[in-house]
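Residue strings, one per chain:
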Amino acid sequence: KIDFWPRASFLALCYEGPSGSTFAIVDFDALEEDNEGGEERSKDVVRRILESPSLLKVVHDMDGYSFEVLQRAVMPKHKLYDEGPDNPWPRMEPVVDVSVVAAYIRRMRTCA
C-alpha cells in the first residue's frame, strides 16, 4: 500500500521556562507505535501548542506543502483519513517564518 499523504517524522520545540531554555524533540513515528493511547494524548498536546494564539511559532522556510505535512503528523493515525466538521485539520498561528524576515532585511525574494 502506497501512502500519498506524507507526514512529518519529528518536530523540534524550544521554549524559555522558569528554569531556563528547554529543547524537546517529538518523534511522531514512535508515537504512532504506542498501542496504549499515548499517540492521541501526545499529538493532542502538540496540536494545542501549535493552535495556541498566545504562543508565537517560529519556522524556517515553511511553505504550504510543508505545513500540510506537519498538519497530517499531528492528526492521530486512526483519524487521518476522516473528514467532516468534527475532525478539523489543525491550524497554526501566529507564525513568523525567519526566511521571510531574512529575505526582507536583505531585500531579496524568499524563493531566491
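Each remark here, short or long, concerns the structure printed above.
Since this is a predicted model, take the numbers as computed values, not measurements. (Residues numbered from 1 in each chain as written. Predicted model: local features only at pLDDT ≥ 70, side-chain atom pairs only at ≥ 80, totals over all residues. Heavy atoms only, no water.)

Quick question: what am I supposed to make of the overall build of the protein here?
Across its full length, the protein holds four helices and four strands. In the protein, the order of α-helices and β-strands from amino to carboxyl end is β-β-α-α-β-α-β-α. Taken along its principal axes, the extent of the C-alpha atoms in the protein is 50 × 40 × 25 Å. The 112 residues of the protein split such that 27% are buried. Partitioning the contacts of the protein with sequence separation of at least 6, the portion at a separation of at least 24 is 59%. Carbon and sulfur atoms make up 56% of the accessible area of the protein, which amounts to about 8300 Å² in all. Of the charged side chains in the protein, 14 are positive and 20 negative, and the gap between their average positions amounts to 5 Å. (Helix = DSSP H or I, 4+ residues; strand = E, 2+ residues; numbered from the N terminus. Buried < 20%, exposed > 50% of the residue type's maximum accessible area, 1.4 Å probe, protein only. Contact = heavy atoms within 4.5 Å. Areas by Shrake-Rupley, 256 points an atom, 1.4 Å probe, with all protein chains shown as cover. Lys, Arg positive; Asp, Glu negative; His and termini not counted. Charge placed at Lys NZ, Arg CZ, Asp CG, Glu CD.)

I'm lost on the pairing of strand β2 (residues 20–27) in this one. Help?
A regular strand places its side chains so that they alternate between the two faces of the sheet. Sheet topology note: the strand β1 (residues 10–17)/β2 ladder contains eight bridges and is antiparallel. Within the sheet, the bridge partner assigned to Tyr15 lies in β2 and is Thr22. If you look at the hairpin formed by β1 and β2, you'll find two residues sitting between the two strands. (Pairing = 2+ DSSP bridges.)

Please explain helix α3 (residues 64–74) as it appears in this structure.
Among all positions of α3, only Val69, Leu70, Gln71, Arg72, Ala73 and Val74 are buried. Summarising the contacts, the buried residues of α3 are in contact with β1, α1 (28–32) and α2 (38–51).

What's the story with the nonpolar core in this structure? I'm lost.
Proteins that are soluble and globular tend to have nonpolar side chains buried together. Core analysis: the biggest nonpolar cluster contains 13 residues, and Leu11, Val26, Phe28, Val46, Leu50, Leu70 and Val74 have the highest contact counts within it. Elements with a minimum of two residues in this core: α1, α2 and α3. The element best represented in this core is α3, accounting for four residues. Setting aside anything within four residues of it in sequence, one finds Val74 in contact with Phe28, Lys43, Val46, Arg47, Leu50 and Pro90. (Core = buried A, V, L, I, M, F, W, Y, C linked by side-chain atoms within 4.5 Å.)

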